[in-house]
Amino acid sequence: MNGFIDKLGEKIMPVASKLGQNKYLTVLRDAFMLSFPITMFGSIVVVLNNLPFFNDATKGTLNHLFSNGQSATMGIMSIFVTFGIGYYLSKSYEVEAIFGGAVALSSFLILTPFFMILENGEEVSGVLALDRLGAKGMFIGMLAAFIATEIYVRFVKKGLVIKMPDGVPPAVARSFAAMIPAILTLTIFALLNAFVIGVFNTNLHDVVYEVIQKPLVGLGSGLPATLIALFFVQFLWFFGLHGQILVNSVMDPIWNTLMLDNLEAYKAGQPLPHIITKPFMEIFTVGMGGSGMTLMVVILMAFFMKSRQLKDVGRLALGPGIFNVNEPVIFGMPMVLNAAIFIPWIITPLIVTTFNYLVMAAGIVPAPTGVSVPWTVPIFINGILATNSILGGVLQLVDIAIVGVLWFPFLKLIDRSNLKQTL
């Protein structure tokens, strides 16, 4: 086993390291984190407006009064992500970041149709449809932001800037310096948008949504792709790399889009279209003690093992584990490069996630509504908040029981080995 793991690690480690250092994936991760506090507020509004013990009349009244709290946050998430990409990518090139963010956002909006079609077929002009700024516009927003920022930065680097005298206030000087690169970048996007409308009588939003976003979202919402992503999370963690950050950098745009789809359906009182979403991945994997669902592992170590090493690590890791922070047990046991726990570490999340998917697909437990729950909220509570049902919390209790059954034999073997070494 050790020889196999070493050879596998030699192949995977260089790829994983390059992925972790990739500029664009890092920028994308930071852009999503920029929107996190704002979307968290929107999630709280949705939860409070739709508490399960409220009747339909109460929910309707609350949504009428406070629905803007969601529409102005999660409903326009693409705006925050687009601005964040422009900001952080410009910053990585050491170019004035705030103007990079503004150009990225404006480029996205240039490609966005300022009209909407009503249910009766009537076209209303001079308006922005909310879905274009939410889930449906996510991919075109990211593409536009990356491309626009790269173009803007190149114009700046080429020196196509207006330099003001030394006595001019810094804010004014920076604004004039950004003027020509911004105008040139936005002109390119305006011409592109005009070409698509004039020649093909459509818009890039619909093209990207149909050709790119729909297929990717469909793939990411399936169980096989999810299990592959989870496998790499666990596998990378085994070698000491933060698998969550590396894999989520690739998968978060898809999972976040699925989350917003569910939230829109939930608010409209329609069936939830997806089981796998960002909250599903957070609450029913990380939300049970951290990566690898280790809360039950820590409990077993603290209270059911006999060796001093496992008991001490388990008790020290229990407090953080309740809030889904499990670095103490990952590096304290250790789980990193520990061949003795390779099998349960890899297969347990795969088995539990498959079980959860099947239970939700059967309608026994509701799927997550699309509400974003902080990953540090303890187990059971986060399950209830994510699904708006106590069954979400109950499912988590069943999950950790499964984790315990899968891990116990391996922990017992380690425990006995530790006890023999102390004799």
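Residues numbered from 1 in each chain as written. Predicted model: local features only at pLDDT ≥ 70, side-chain atom pairs only at ≥ 80, totals over all residues. Heavy atoms only, no water.

Going by the annotation in an unreviewed UniProt entry, the name recorded for the protein is Permease IIC component, with Carnobacterium maltaromaticum LMA28 given as the source organism. According to the UniProt record, the Subcellular location (unreviewed entry) comment for the protein is "Cell membrane". Taken directly from UniProt, the Function (unreviewed entry) text for the protein runs: "The phosphoenolpyruvate-dependent sugar phosphotransferase system (PTS), a major carbohydrate active -transport system, catalyzes the phosphorylation of incoming sugar substrates concomitant with their translocation across the cell membrane." (UniProt positions renumbered as here; feature names shortened; annotations may be inferred.)

Summed over all chains, the structure comprises nine aromatic pairs. Between Phe83 and Tyr87, the aromatic rings sit 6.3 Å apart at their centres with planes inclined by 25°, giving stacked as the arrangement. Taken together, the residues span about one helical turn, with Phe83 and Tyr87 both in helix H5 (residues 77-92) at a distance of four residues. Classification of Tyr87 as partly exposed rests on a relative accessible area of 25%. Centroid distance Phe195 to Phe200: 5.8 Å. Interplanar angle 80°. Geometry classified as edge-to-face. Here Phe195 falls in the partly exposed class, since its relative accessible area comes to 46%. The exposed category is assigned to Phe200, whose relative accessible area is 55%. Cluster of aromatic residues (ring-pair linked, three or more members): Phe231, Phe232, Phe235, Phe238 and Phe342. Looking at Lys23, its charged tip hangs above the ring of Tyr93, at a distance of 3.8 Å from the centre. (Phe/Tyr/Trp six-rings, centres within 6.5 Å; stacked < 30°, edge-to-face > 60°. Helix = DSSP H or I, 4+ residues; strand = E, 2+ residues; numbered from the N terminus. Buried < 20%, exposed > 50% of the residue type's maximum accessible area, 1.4 Å probe, protein only. Lys NZ or Arg CZ within 6 Å of the ring centre and 35° of its normal.)

Here we take up the packing of H5 against helix H8 (residues 138-157). Put simply, H5 and H8 touch, their axes get as near as 9 Å, and they point 25° apart. It follows from the interaxial angle that H5 and H8 lie roughly parallel. Here H5 and H8 pass one another in a crossing that is right-handed. When H5 is examined against H8, the residues Met77, Ser78, Val81, Thr82, Ile85, Gly86, Leu89 and Ser90 are found in contact with a partner set consisting of Met138, Gly141, Met142, Ala145, Phe146, Thr149, Glu150 and Val153. Looking at the contact of H5 with H8, its residues break down into nine nonpolar, six polar and one charged. (Axes fitted to C-alpha atoms, helices over the stretch in contact; angles between N-to-C directions. Parallel < 35°, antiparallel > 145°, perpendicular 65-115°, else oblique. Left-handed = near helix turned anticlockwise from the far one by under 90°. Contact = heavy atoms within 4.5 Å. Nonpolar A, V, L, I, M, F, W, Y, C, P; charged D, E, K, R; others polar.)

This part is about the nonpolar core. Judged by nonpolar contacts, the single largest core of 105 residues is most densely connected at Ile85, Met333, Met335 and Trp345. Residues from two domains meet in this core; each of domain 1 (75-221) and domain 2 (272-422) gives at least three. In this structure, Trp345 is in contact with Gln234, Trp237, Phe238, Ser291, Gly292, Thr294, Ile330, Met335 and Trp407, ignoring residues within four places of it in sequence. (Core = buried A, V, L, I, M, F, W, Y, C linked by side-chain atoms within 4.5 Å. Domains from an automatic or database assignment.)

Contact geometry for helix H14 (residues 295-303) and helix H19 (residues 390-422): axes closest at 8 Å, N-to-C directions at 50°. Relative to H19, the element H14 is oriented oblique. Crossing hand, H14 versus H19: right-handed. Between H14, through Met296, Val297, Leu300 and Met301, and H19, the contact on the second element is made entirely by Ile400, Val403, Gly404, Trp407, Phe408 and Leu411. Broken down by class, the residue content of the contact of H14 with H19 amounts to nine nonpolar, one polar and no charged.

Another aspect to go through is the domain arrangement of the protein. For the protein, the domain assignment lists domain 1 (75-221) and domain 2 (272-422). On a C-alpha basis, the centroid separation for the pair domain 1 and domain 2 is 40 Å.

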